[in-house]
Amino acid sequence: MKRLVSMLGIIALLTSALMAAPKVMPKAIEDLTGKWAGSFVISMDGETKDDTAYMVLKQSGTELTGTAGPNSDQQWTIEKGKIDGNKVTFEVKADGPMLKFELTLADGHLKGDAKAEHEGSSMKAAVDVQRKKE
């Protein structure tokens, strides 16, 4: 009986120590707030087309808002923007189909893919933007 009481005491001590320990959070990345510009290489139906990308991002914790488009004059609202470690995801409803972005922050660049599907056709674009110096 003494042994059971002793074991329960140790378990209670360990449990309270674990509850008091700081929570491990994903590594925070730099604040993405600002203007980003770079390339947007579109692949569709076996053809590629070079274009530009321009984003005005606003980060609040793990939430990302702002706008994105081909240049500063043509922008659309970012929806469902999330940041998880160095992974960045968001959607943009342009004039056509919804574009879904999956980017990774590495070496000062947000790189990854944007994908869209519309009426049986799919489009994919390689995105590479970096913070615009002002």
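See the structure printed just above.
Residues numbered from 1 in each chain as written. Predicted model: local features only at pLDDT ≥ 70, side-chain atom pairs only at ≥ 80, totals over all residues. Heavy atoms only, no water.

S.K.: For the nonpolar core, give the residues involved together with the corresponding values.
M.R.: In this structure, Met55, Phe90 and Phe101 are the most contacted members of the largest nonpolar core, which totals 27 residues. Of all elements in the fold, only strand E1 (34-44), strand E2 (47-60), strand E3 (63-69), strand E4 (76-84), strand E5 (87-93), strand E6 (98-106), strand E7 (109-118) and strand E8 (121-131) reach the threshold of two or more residues within this core. Those residues within four positions of Phe101 in sequence are excluded, and the remaining contacts are Phe40, Met55, Val88, Thr89, Phe90, Val92, Asp113, Ala114 and Val127. (Core = buried A, V, L, I, M, F, W, Y, C linked by side-chain atoms within 4.5 Å. Buried < 20%, exposed > 50% of the residue type's maximum accessible area, 1.4 Å probe, protein only. Helix = DSSP H or I, 4+ residues; strand = E, 2+ residues; numbered from the N terminus. Contact = heavy atoms within 4.5 Å.)

S.K.: Please give an account of the side chain of Glu91 that cites residues and values.
M.R.: Within the secondary structure, Glu91 sits in strand E5. Glu91 sits in the buried class, given a relative accessible area of 14%. Dropping the residues within four chain positions of it, Glu91 is found in contact with Thr77, Ile78, Glu79, Lys80, Met98, Leu99 and Lys100.

S.K.: Would you mind going over the environment of Lys93 in detail, with residue names and values included?
M.R.: Counting through the fold element by element, Lys93 comes out in strand E5. By relative accessible area, Lys93 is classed as partly exposed at 43%. With 17 residues separating them in the primary sequence, Lys93 and Trp76 have C-alpha atoms 6.7 Å apart. Within the local environment of Lys93, its side chain forms a polar contact with the backbone oxygen of Gly96, the two atoms lying 2.5 Å apart. (Polar contact = N/O pair within 3.5 Å; in protein donor to acceptor, adjacent residues only side chain to side chain.)

S.K.: Explain the environment of Ser72 residue by residue, including any values.
M.R.: Locating Ser72 in the fold gives a position in the loop between E3 and E4. Distance from Ser72 to Ala37, taken between C-alpha atoms, is 9.2 Å for residues 35 residues apart in sequence.

S.K.: Give a detailed account of the pairing of E5, specifying residues and quantitative values.
M.R.: Sheet topology note: the E4/E5 ladder contains 5 bridges and is antiparallel. Residue pairing for E5: Ile78 is matched across the bridge by Val92. In this structure, the hairpin formed by E4 and E5 is closed by a connection of 2 residues, where Gly85 is found at a positive phi of approximately 65 degrees. As judged from the 7 bridges shared by E5 and E6, these two strands associate in the antiparallel manner. Across the sheet, Thr89 pairs through a bridge with Glu102, a residue of E6. (Pairing = 2+ DSSP bridges.)

S.K.: Which residues make up the sheet that holds E1, and what values go with them?
M.R.: If you trace the 8 strands once around the closed barrel, you get E1-E2-E3-E4-E5-E6-E7-E8, paired in antiparallel fashion. The average undirected angle you get between the axes of adjacent strands in this sheet is 25 degrees. Where E6 and E7 come together, 7 bridges link them in antiparallel fashion. Counted as the bridge partner of Thr104 is Lys111 from E7. (Axes fitted to C-alpha atoms, helices over the stretch in contact; angles between N-to-C directions.)

S.K.: Explain the pattern of salt bridges to me, using residue names and the numbers behind them.
M.R.: With the rule as written, the count across this model stands at 2 salt bridges. In this structure, Glu91 and Lys80 form a salt bridge, with 3.8 Å as the shortest nitrogen-oxygen distance. Here the residue Glu91 occupies a position in strand E5, and Lys80 occupies one in strand E4, the gap between them amounting to 11 residues. In this structure, Asp113 engages Lys124 in a salt bridge whose closest nitrogen and oxygen atoms are separated by 3.8 Å. You can see Asp113 sitting in strand E7 and its partner Lys124 sitting in strand E8, a full 11 residues away along the chain. On the accessibility criterion, Asp113 (26% relative accessible area) is partly exposed. (Salt bridge = Lys/Arg side-chain N within 4 Å of Asp/Glu carboxyl O.)

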